[in-house]
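# Structural characterization, general
So the chains spell out like this:
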Amino acid sequence: MKAYDVIGLGELLIDFTENERSSQGNPMFEANPGGAPCNVLAMLANLGHQTAFVGKVGEDFFGQQLEQALRECNIAVDFLKKTKEAPTTLAFVHNRADGDRDFSFYREPGADMLLNPEDIPEEALCNTKIFHFGSLSMTHESARNATKKAVQIAREAGALITFDPNLRPPLWKSLSDAREQILYGISQCSVLKISDNEIQWLTGKEDYSEGVQWILERYPVPLILVSMGREGSRAYYKDMMVEKAAFLQENTVDTTGAGDTFMGCTLHTVLEYGLNHLDRKSLEELLEFANAAAACVTTRRGALKVMPDKNEIEKSIDAGSKLL
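The notes below deal with the structure included here. This one's a predicted model, so the numbers in the text were calculated from it and none came from an experiment. (Residues numbered from 1 in each chain as written. Predicted model: local features only at pLDDT ≥ 70, side-chain atom pairs only at ≥ 80, totals over all residues. Heavy atoms only, no water.)

### Focus on the overall build of the protein chain
- Looking only at helices and strands, one finds 10 helices and 14 strands in the protein chain.
- Compactness check: the protein chain gives a C-alpha radius of gyration of 18 Å against a globular reference of 20 Å for 324 residues, within 12% of the reference.
- Structurally, the protein chain occupies a C-alpha span of about 55 × 50 × 40 Å along its principal axes.
- Burial status across the protein chain gives 57% buried among its 324 residues.
- Sequence-distant contacts, at least 24 apart, represent 71% of the contacts inside the protein chain between residues at least 6 apart. (Helix = DSSP H or I, 4+ residues; strand = E, 2+ residues; numbered from the N terminus. Rg over C-alpha atoms; globule rule 2.2 N^0.38 Å. Buried < 20%, exposed > 50% of the residue type's maximum accessible area, 1.4 Å probe, protein only. Contact = heavy atoms within 4.5 Å.)

### What to know about the pairing of strand 12 (residues 223–227)
- Among the 5 residues that make up strand 12, 5 are buried, leaving the element largely enclosed by the rest of the structure.
- Side chains of strand 12 alternate between two faces, with L223, L225 and S227 and I224 and V226 buried alike.
- Judged from the 5 bridges that link them, strand 11 (residues 191–195) and strand 12 form a sheet pairing that is parallel. Counterpart to K193 in the pairing with strand 12 is L225.
- Relative to strand 13 (residues 233–237), strand 12 runs antiparallel, the two being bridged by 5 bridges. (Pairing = 2+ DSSP bridges.)

### Overview of the nonpolar core
- Judged by nonpolar contacts, the single largest core of 54 residues is most densely connected at L12, L70 and L223.
- At 10 residues, helix 9 (residues 280–297) tops the list of elements feeding residues into this core. (Core = buried A, V, L, I, M, F, W, Y, C linked by side-chain atoms within 4.5 Å.)

### Section: the environment of M43
- Inspection of the secondary structure puts M43 in helix 1 (residues 36–46).
- A relative accessible area of 0% means that M43 is categorised as buried.
- Residues M43 and L267 lie 224 residues apart in sequence; the distance between their C-alpha atoms is 9.7 Å.
- In contact with M43, other than residues within four places in its own chain, are T261, G264, C265, M307, P308 and I313.

### Focus on the environment of E141
- Within the secondary structure layout, E141 lies in helix 4 (residues 141–156).
- A relative accessible area of 62% means that E141 is categorised as exposed.
- Separated by 82 residues in the primary sequence, E141 and L223 have C-alpha atoms spaced 29 Å apart.

### Section: the packing of helix 8 (residues 258–273) against helix 9
- Two elements in contact, helix 8 and helix 9, have axes whose closest approach is 8 Å; the angle formed by their N-to-C orientations is 145°. The two elements helix 8 and helix 9 meet at a crossing, and its hand is right-handed. Contacts from A258, T261, F262, C265, T266, H268, T269 and Y273 in helix 8 reach E285, L286, L287, F289, A290, N291, A293, A294 and V297 in helix 9.
- In terms of residue class, the contact of helix 8 with helix 9 is built from 11 nonpolar, 5 polar and 1 charged. (Axes fitted to C-alpha atoms, helices over the stretch in contact; angles between N-to-C directions. Left-handed = near helix turned anticlockwise from the far one by under 90°. Nonpolar A, V, L, I, M, F, W, Y, C, P; charged D, E, K, R; others polar.)

### Side note on helix 2 (residues 61–72)
- Between the first and last C-alpha of helix 2 there are 17 Å, a value that for 12 residues agrees with the 16 Å anticipated at 1.5 Å per step.
- Within the span of helix 2, buried status applies to G63, L66, E67, A69 and L70. Buried residues of helix 2 fall within an arc of 160° about the axis and therefore sit on the same side. Facing away from the buried side of helix 2 by over 90 degrees, the exposed positions are F61 and Q64.
- Considering only its buried residues, helix 2 is in contact with strand 2 (13–21), strand 3 (27–34), helix 1, strand 4 (51–58), strand 5 (75–76) and strand 6 (80–83).
- Just beyond helix 2, the residue with positive phi is N74, at close to 65°. (Expected span 1.5 Å × (residues − 1). Arc of directions from axis to C-beta.)

### A closer look at the pattern of salt bridges
- The full count for this structure, using the stated rule, is 13 salt bridges.
- A salt bridge links K56 to D119, with the nearest nitrogen and oxygen atoms 2.9 Å apart. In this pair, K56 is assigned in strand 4 and D119 in the loop between strand 8 (101–106) and helix 3 (122–125), connecting sequence segments 63 residues apart. For the residue pair K56 and D119, the accessibility class agrees, reading buried in each case.
- In this structure, E243 and R234 form a salt bridge, with 3.1 Å as the shortest nitrogen-oxygen distance.
- For R234, a relative accessible area of 15% puts it in the buried group.
- Linked through salt bridges whose partners overlap, the residues forming this network are E67, R71 and K82. (Salt bridge = Lys/Arg side-chain N within 4 Å of Asp/Glu carboxyl O.)

### Here we look at helix 4
- Here helix 4 is 16 residues long and its end C-alpha atoms lie 22 Å apart, about the 22 Å a rise of 1.5 Å per residue gives.
- Looking at helix 4, one finds that the buried residues are A143, R144, A146, T147, A150, V151, I153 and A154.
- Taken together, the buried residues of helix 4 touch strand 1 (4–9), helix 3, strand 9 (128–134), strand 10 (160–164) and helix 5 (175–188).
- Residue G158 follows helix 4 closely and has a positive phi angle near 90°.

Written out as structure tokens, the structure is:
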């Protein structure tokens, strides 16, 4: 038996989410705990899984807020490091009129960038079923080396490696550097979650299936999920492509964390059924559950502390079914 179902590594930061305007007409921002890997872990913890996080925050007020948020979400903080050398990373999320988002990062440097190979908990990584990471921990050398060390340890111990690029162009020195590291992540993983715009950027293919084929010709990833926003999602597994429509919400206020919620639900299904014997029915159930959960989280600001539970997700599925 493994002590952990999933260990995630990467950025833990404050998402300042735009929230109405002051009486003077100035935008007001809510300080929400965030960071893609921890959002995934929070969703998994809500579904009853044992999770832990590997990362670094500053010895400041925001670092304290983030540690407390992880504790409240039942994510183990044993491997959360703190530093005086840099403040906790901050991100300001601006909602555009078309529903998309722009990000402004305060991270030069940010504490998460200072994770180093000595911070990696080797024993814990040998004791997890899944190791999950994204690309933001590979934007700078120290954290990049730490990430690759963790991947190697987890792989050698038999853990399933899962990856979500979560591309944020402003954080990279160049997009060619981003491409190189994202391809590394894909080369290491058995489950890949990639968004519609990411797969088009990475492969140069407008058609998602052609993009997936481009990836598979280079890296034999067993399960690839493509999230397509309002258009739903797809799963590519062996010779199957399964697609499910999105659960559209009238009261969506913030799409931050929707993809991470989707990823958490995906890993929940993989933990329940394994990766080797999925069929069309189980893939359809996976996408339906993940799409419904992602829709739920868009109805509230932030992500990490407001993940839906299984009951809410199932109610959303049931309500959606009645509308069909």
